[in-house]
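Tertiary structure, described
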Amino acid sequence: MGGQAPVVQRIRIRYAKRGPLRFTSHRDFARAFERALRRAAVPIAFSQGFTPHPKISYASAAPTGVGSEAEYLEIGLQAEVDPAQLLLALDAALSPGLDVLEAVPAGDGSLADRIDASRWRVELPSVDPAVAAAAVKRFLDADEVLVERITKQGRRTFDARAAVTHIAVAEQSDLPSGAFAAPCAIIDLVVRQVTPAVRPDDVLSGLRVVADLEPPVPPRVTRLAQGTLTAQGEIVDPLDADRAAIGGR
């Protein structure tokens with residue numbers, strides 16, 4: 001069996017999951033993305049062996065049901081392409097709501113190594129911001145907040161507090177469109193990547209544990225950013241180094 005063509009270019013892509021497409025599972029997105037690669041005639045490279053797979057690496061995919069403006073992946077290509085043209089072709093081949101936002105040539109290092117934290121926006125319709133702020137204060141004041149989650153290994157108990165580096169209720173001017181007629185608390189949340197991973201729903205479970213905060217309707221969660229957390233609490237976009245490498249050429 002002949003070998004596959006080598007990877008001659010690697011491209012890193014940022015994409016979004018918006019609107020109803022936030023309910024797309026990671027597996028379903030992976031299938032849709034592979035179909036988009038074929039429709040766009042992208043010269044994707046494949047692995048060796050009897051069942052070759054396209055060279056696609058995903059970094060920290062958001063949970064099903066969660067929107068995101070900052071999902072990342074990397075593809076290996078067997079022929080060089082113009083990243084701007086690749087972006088347009090892939091975006092056109094994907095359903096609206098699965099939106100390709102940026103494509104840049106990969107620089108040195110691993111994409112996964114540049115991601116150790118995420119920023120989230122958690123909208124709590126019908127929850128008074130003052131009530132949410134009081135719950136957040138109790139969460140911050142706690143030394144640990146133990147929550148439970150069912151995992152593939154069974155029921156696990158872990159500390160949701162230790163992974164949270166920032167949590168606050170946003171100002172009212174940050175309310176989503178159409179929410180002015182009813183209270184809606186909006187939580188700004190930054191979580192470090194730990195094992196086991198702490199997700200926004202785990203933090204909401206923690207607010208329930210410490211303050212009996214129980215939103216009457218399902219929350220709407222959106223990942224706004226992910227990357228490297230600085231000492232100042234900012235998140236550095238994982239593609240910044242790749243953009244800088246392009247500018248330095």
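Data block above holds the structure.
Values in this document were obtained by computation on a predicted structure and should not be read as measured data. (Residues numbered from 1 in each chain as written. Predicted model: local features only at pLDDT ≥ 70, side-chain atom pairs only at ≥ 80, totals over all residues. Heavy atoms only, no water.)

Okay, the packing of helix α3 (residues 129-141) against helix α4 (residues 200-211) next. Two numbers describe how α3 lies on α4: the axes approach to 9 Å, and their chain directions differ by 90°. The orientation of α3 relative to α4 falls into the category roughly perpendicular. Facing α3, whose interface residues are A135, V136, R138 and F139, α4 presents V203, G206, L207, V210 and A211. Partitioned by chemical class, the residues of the contact of α3 with α4 number seven nonpolar, one polar and one charged. (Axes fitted to C-alpha atoms, helices over the stretch in contact; angles between N-to-C directions. Helix = DSSP H or I, 4+ residues; strand = E, 2+ residues; numbered from the N terminus. Parallel < 35°, antiparallel > 145°, perpendicular 65-115°, else oblique. Contact = heavy atoms within 4.5 Å. Nonpolar A, V, L, I, M, F, W, Y, C, P; charged D, E, K, R; others polar.)

With respect to the element layout, E123 can be found in strand β5 (residues 117-125). For E123, a relative accessible area of 12% translates into the label buried. Polar contacts involving the side chain of E123 include one to the side chain of R121, which spans 2.9 Å. (Buried < 20%, exposed > 50% of the residue type's maximum accessible area, 1.4 Å probe, protein only. Polar contact = N/O pair within 3.5 Å; in protein donor to acceptor, adjacent residues only side chain to side chain.)

Within helix α2 (residues 83-93), the full set of buried residues consists of P83, L86, L87, L90 and A93. Across the axial projection of α2, the buried residues extend over an arc of 140°, all falling on one side. Away from its buried face, by an angle of more than 90 degrees, α2 presents the exposed residues L88 and A92. Against the buried residues of α2 lie β1 (9-17), α1 (26-39), β3 (67-77) and β4 (98-105). (Arc of directions from axis to C-beta.)

Let's shift gears to the layout of surface pockets. One number sums up the size of the largest pocket: a volume of about 620 Å³. In terms of lining residues, the largest pocket is bounded by 24 residues, among which A61, P63, R149, A197 and R199 are the most central. By residue class, the composition of the lining of the largest pocket is 12 nonpolar, six polar and six charged. Considering the residues around the second largest pocket, the lining is formed by 14 residues, among which T64, G65, V66, P219 and V221 are closest to the centre. Those elements that provide at least two residues to the lining of the second largest pocket are α4 and β10 (220-229). Taken together, the residues of the lining of the second largest pocket sort by class into eight nonpolar, two polar and four charged. (1 Å grid on protein atoms, 1.4 Å probe; cavity = no way out; pocket = protein on both sides within 12 Å on 5 of 7 lines; lining within 4 Å. Points joined across faces, edges and corners; volume = space filled by probe spheres on them.)

Note that the residue after T195, namely P196, is joined by a cis bond; omega there is 0°. Backbone geometry places A41, a non-glycine residue, at a positive phi of 55°. Its location among the elements puts A41 in the loop between α1 and β2 (56-59). By relative accessible area, A41 is classed as exposed at 62%. Phi is positive for S60, which is not a glycine, with a value near 50°. Residue position: S60 is located in the loop between β2 and β3.

Evaluated as defined, the whole model comprises one cavity of 30 Å³ or more. Together, Y15, K17, T24, S25, H26, F29, A61, A62 and E71 line the largest cavity. Breaking the lining of the largest cavity down by element, the ones donating at least two residues are β1 and α1. A breakdown of the residues in the lining of the largest cavity according to their chemical character gives four nonpolar, three polar and two charged.

Keep in mind that these numbers describe shape and distance, not what the molecule does.
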